Amino acid sequence: MSVQPLSDAAEKTAGDDGPRRSGPRPRRGAAILNPRIRRAVRENLVAYLFLAAGVLCFALFSWYPIVRGALLGFQQVTFAEPARWVGLDNFRRLFDDPLFLTAWQNTGYFTLLALVFGFAAPFATAVVLNELRHGRSYLRMTVYLPVMLPPIVTMLLWRQFYDPGPGLFNSVLEVFRLPAQQWLESENLAMVSLVLVSTWANMGTTTLIYLAALGGIPGELYEAAELDGASVRQRLWHVTIPQMRFILMITLLLQVIGTMQVFVEPFVLTGGGPDDATVTVLLLLYRYAFVYNDFGLASAMSTLLFVVLGLFSVVYLRLTRSKG
Amino acid sequence: MAAETPVRTLIAPAEMNRRTGRFLYRFVLVATLTGFTVAFVFPLYWMTTGAVKSSSELADQNLSLFPRSWHPESYADAWTNVGLGQFFLNTLLLAFGAWLTQLLIDVSAAYALSKLRPVLGNVVLGMMLATLMLPVSALLVPTYLTVVDVPLFHVNLINTPFAIWLPAAANAFNIFILKRFFDQIPVELLDSARIDGAGTLRVLISVVLPLSRPVLAVVSIFAVVGVWKDFLWPMLVLPDEAKQPITVALNRLSEFMPANQLLAGMVMASIPLLVLFLIFQRHIIAGLTAGSLKG
């Protein structure tokens, strides 16, 4: 990330219009620099004119909120009066809330389950799809269809599937003479049900990324392994997975970062219930801010979430840096 | 779908051609095709046909694969009586505006960063890209408070579409892929346009943009899809029910609406995106890998 030196820019722009330049004969010293500098300033002004709207949007809706978010956690904010500094008060109140720990545990549980389902399913799918010679574009399209649905539609649809009365899932279980389940109403099953929807809705993206990566593995590697007598399973273990290691790590991290922010699933399907079994960090943060209007408390929660996710982001950055 | 050109993968062609290989291949193929259809297409079928079932049929414990009686009027009822038509149009407005603002703001910013290269341009770009690393939800509260009272201008954007459009334009991903594409356009091309007397804006419009159609398609699709799918942010910044997009309205009304009209509304909320996907599959998948693969 180096700043382009002014003289460099001036040099370049001056060279651009050499043949057309008219005006006073160039002389040595400061006089020759003046038009160059003037021109450089003008070019920079034009450039910044093009950049202005973007910079303004970022400044107002991205950079400023970042700074403000860091400070808000230490403030008490009401719309009636200006923000007041309260030190670590918000954090203290946060730790006193019994739901705080529950929310983190639930989120951790969701993330873990989402990794088990959401990591294995797309990988297996991609490996199988990569072997198939027929119907590939159809399969690729169908697996991505749920990604295109608005999440709210997915949740409302699955809410009907999970319905303990005329719900699709219990009817299917009944066909196989299996006991009906309280999908969203049972403390043990509610979180699993949320992870199932989430995996269904999101696995298309990961599958297609894996598929692209699998397509990049050189065929000679498989041929060489085969000559060495490696079975299909050994080839999968010793060629495919090592070749995919980087992309697997990246999606793992991105998935952790993504699932730690789960909101729509519990918000629409369970509202945090039953008995707070599906209250997640973001759901609690939403309640703090937009139900209780306690923006300071919510921001303290954001700060903690940011720190935790930041650790994963640092790992992500390290990985992509070392590769690129 | 015809077989694609064979590339050596995990399983050798010879293994595939053995009798057990061929049998296994057929088995896996059929299992995958039916499995995927059941898992990913059937729910959409269920939603679409559920909307034309009668309320009593939907409440029946014995589920029906095909509607026993047809009530296509539930779509019309949902559109007019429940007012989903208005919410649909609201979404359309939000998506179109977000598309326009993102293209205008992000294309000109990327053009400046890629081709005009102002002093400190790389610093600005770095600061923009750094925001990609931040989790959106950690910025939910401060961004909301910013929209309530925008600094410098001291306007309240709540219940205006700008609350959706402007934060969406601060999109580092867009600027990143646009800039990377613009970087590939040879400088000589721009220079020769300059020599022909084209100004900076003219070069952008008549040289850079026509060459950038693929990347513009990617940015456009992601802009529209992103706003169309969004739920939490519009729910927060558009509390006025008359101004809400269909996603927010559906969730709010889901408790009160008759089940078949709710399903009809869900189909309406999904169809534009599904159509978009069927048309622009290639671009969407290209954008997906462009954003995530290249480290």
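Reading the values: the criteria
Residues numbered from 1 in each chain as written. Chains lettered and ligands numbered in written order. Predicted model: local features only at pLDDT ≥ 70, side-chain atom pairs only at ≥ 80, totals over all residues. Heavy atoms only, no water. Helix = DSSP H or I, 4+ residues; strand = E, 2+ residues; numbered from the N terminus. Rg over C-alpha atoms; globule rule 2.2 N^0.38 Å. Buried < 20%, exposed > 50% of the residue type's maximum accessible area, 1.4 Å probe, protein only. Contact = heavy atoms within 4.5 Å. Lys, Arg positive; Asp, Glu negative; His and termini not counted. Charge placed at Lys NZ, Arg CZ, Asp CG, Glu CD. 1 Å grid on protein atoms, 1.4 Å probe; cavity = no way out; pocket = protein on both sides within 12 Å on 5 of 7 lines; lining within 4 Å. Points joined across faces, edges and corners; volume = space filled by probe spheres on them. Nonpolar A, V, L, I, M, F, W, Y, C, P; charged D, E, K, R; others polar. Patch = residues over 30% accessible without salt bridge, like charges linked within 9 Å, V, L, I, M, F, W, Y side chains within 5 Å. Areas by Shrake-Rupley, 256 points an atom, 1.4 Å probe, with all protein chains shown as cover. Salt bridge = Lys/Arg side-chain N within 4 Å of Asp/Glu carboxyl O. Axes fitted to C-alpha atoms, helices over the stretch in contact; angles between N-to-C directions. Parallel < 35°, antiparallel > 145°, perpendicular 65-115°, else oblique. Buried area = accessible area lost by both parts, 1.4 Å probe. Polar contact = N/O pair within 3.5 Å; in protein donor to acceptor, adjacent residues only side chain to side chain. pLDDT = per-residue confidence, 0-100. Left-handed = near helix turned anticlockwise from the far one by under 90°. Domains from an automatic or database assignment. Phe/Tyr/Trp six-rings, centres within 6.5 Å; stacked < 30°, edge-to-face > 60°. Lys NZ or Arg CZ within 6 Å of the ring centre and 35° of its normal.

Here we come to the overall build of chain B. A count of helical and extended segments in chain B gives 15 helices and zero strands. For 295 residues, the compact-globule estimate of 2.2 N^0.38 gives 19 Å, and chain B exceeds it by more than 25% at 24 Å. Overall size of chain B, expressed as C-alpha extent along the three principal axes, is 70 × 65 × 40 Å. Evaluated residue by residue, chain B yields a buried proportion of 52% over its 295 residues. Put simply, 67% of the contacts in chain B that link residues at least 6 apart link residues at least 24 apart. Averaging the positions of the 19 positive and the 16 negative side-chain charges in chain B gives two centres separated by 14 Å.

This next bit is on empty space enclosed by the protein. Taken as a whole and judged by the stated rule, the model has two cavities of 30 Å³ or more. By volume, the second largest cavity is sized at about 30 Å³. Contributing to the lining of the second largest cavity are A:Val127, A:Asn130, A:Glu131, A:Leu214, A:Tyr222, A:Thr240, B:Thr9 and B:Leu10. With three residues, helix H4 (residues 98-131) of chain A is the largest single contributor of residues to the lining of the second largest cavity. Its residues assigned to classes, the lining of the second largest cavity shows four nonpolar, three polar and one charged.

With that settled, the discussion passes to a nonpolar patch on the surface. Side chains of A:Leu33, A:Ile37, A:Val41 and A:Leu45 sit close together on the surface and give an oily, nonpolar patch of about 350 Å² of accessible area. With respect to the secondary-structure elements, A:Ile37 resides in helix H2 (residues 30-72).

What follows is about the packing of helix H6 (residues 151-162) of chain A against helix H2 (residues 19-50) of chain B. Running from amino to carboxyl end, H6(A) crosses H2(B) at an angle of 85°, the nearest separation of the two axes being 11 Å. When the axis of H6(A) is compared with that of H2(B), the two are roughly perpendicular. Contacts between H6(A) and H2(B) involve A:Val153, A:Leu157 and A:Phe161 from the former and B:Pro43, B:Trp46 and B:Met47 from the latter. Per-class residue counts for the contact of H6(A) with H2(B) are six nonpolar, no polar and no charged.

All right, on to the interface of chain A and chain B then. With 104 residues of chain A at the contact, the number on the chain B side is 111 residues. Summed over both sides, the interface of chain A with chain B buries roughly 9,800 Å², with 75% coming from carbon and sulfur. Considering only the side of chain A, the residues that lose the most area to chain B are A:Phe50, A:Phe61 and A:Met148, jointly responsible for 8% of the buried surface there. In this assembly, chain A and chain B are joined by one salt bridge. In this structure, B:Glu255 and A:Arg159 form a salt bridge, with 3.8 Å as the shortest nitrogen-oxygen distance. Remark: the boundary between chain A and chain B carries 14 residue pairs in polar contact (both at pLDDT 80 or more). For the side of chain A that touches chain B, the element with the most residues is H2(A), which contributes 22 residues. In the side of chain A that touches chain B, the residues fall into 70 nonpolar, 25 polar and nine charged.

We now examine the confidence of the model for chain A. On average, residues of chain A score 84 in pLDDT, and 89% of them are at 70 or above. Taken as a whole, residues 1-23 of chain A scores under 50 in pLDDT and shows 21 contacts with residues more than four places along the chain or in a different chain.

Bringing the packing of helix H6 (residues 121-130) of chain B against helix H9 (residues 172-183) of chain B into the picture now. All names here are of chain B. It is the contact of H6 with H9, at a shortest axis distance of 8 Å, that shows an interaxial angle of 130°. When the interaxial angle is binned, H6 and H9 end up oblique. Of the two possible hands of crossing, H6 and H9 adopt the one that is left-handed. Contacts between H6 and H9 involve Leu-125, Met-128 and Leu-129 from the former and Ala-172, Ile-175, Phe-176 and Lys-179 from the latter. In terms of residue class, the contact of H6 with H9 is made up of six nonpolar, no polar and one charged.

Now for the domain arrangement of chain B. Residues and elements named next belong to chain B. According to the domain assignment, chain B consists of domain 1 (13-75) and domain 2 (83-289). Taking only C-alpha atoms, the centre of domain 1 and the centre of domain 2 are 34 Å apart. Contact residues are listed per partner, giving 11 residues for domain 1 and 10 residues for domain 2. In total, about 840 Å² of surface goes out of reach between domain 1 and domain 2, with carbon and sulfur atoms giving 78% of it.

Residue and element names in this part refer to chain A. One pass over the structure, following the stated rule, counts eight salt bridges over all chains. Arg-92 serves as the salt-bridge partner of Asp-89, at 3.7 Å between the closest nitrogen and oxygen. Taken together, the residues span about one helical turn, with Asp-89 and Arg-92 both in helix H3 (residues 89-96) at a distance of three residues.

Across all of its chains, the model carries 32 aromatic pairs over all chains by this definition. For the ring pair A:Phe95 and A:Phe100, a centre distance of 5.1 Å and an interplane angle of 90° mean the geometry is edge-to-face. For the ring pair B:Phe96 and B:Trp99, a centre distance of 5.6 Å and an interplane angle of 40° mean the geometry is tilted. In this pair, B:Phe96 and B:Trp99 are both assigned in helix H5 (residues 84-116), three residues apart and thus about one turn of the helix distant. When its relative accessible area of 49% is taken as the criterion, B:Phe96 is described as partly exposed. Three or more aromatic residues joined by ring pairs make a cluster, and in this case those are A:Trp158, A:Phe161, A:Tyr162, A:Phe169, A:Trp183, A:Trp200, B:Phe36 and B:Phe40. Across the ring face of B:Trp46, the terminal group of B:Lys53 is positioned such that the distance to the ring centre comes to 4.2 Å.

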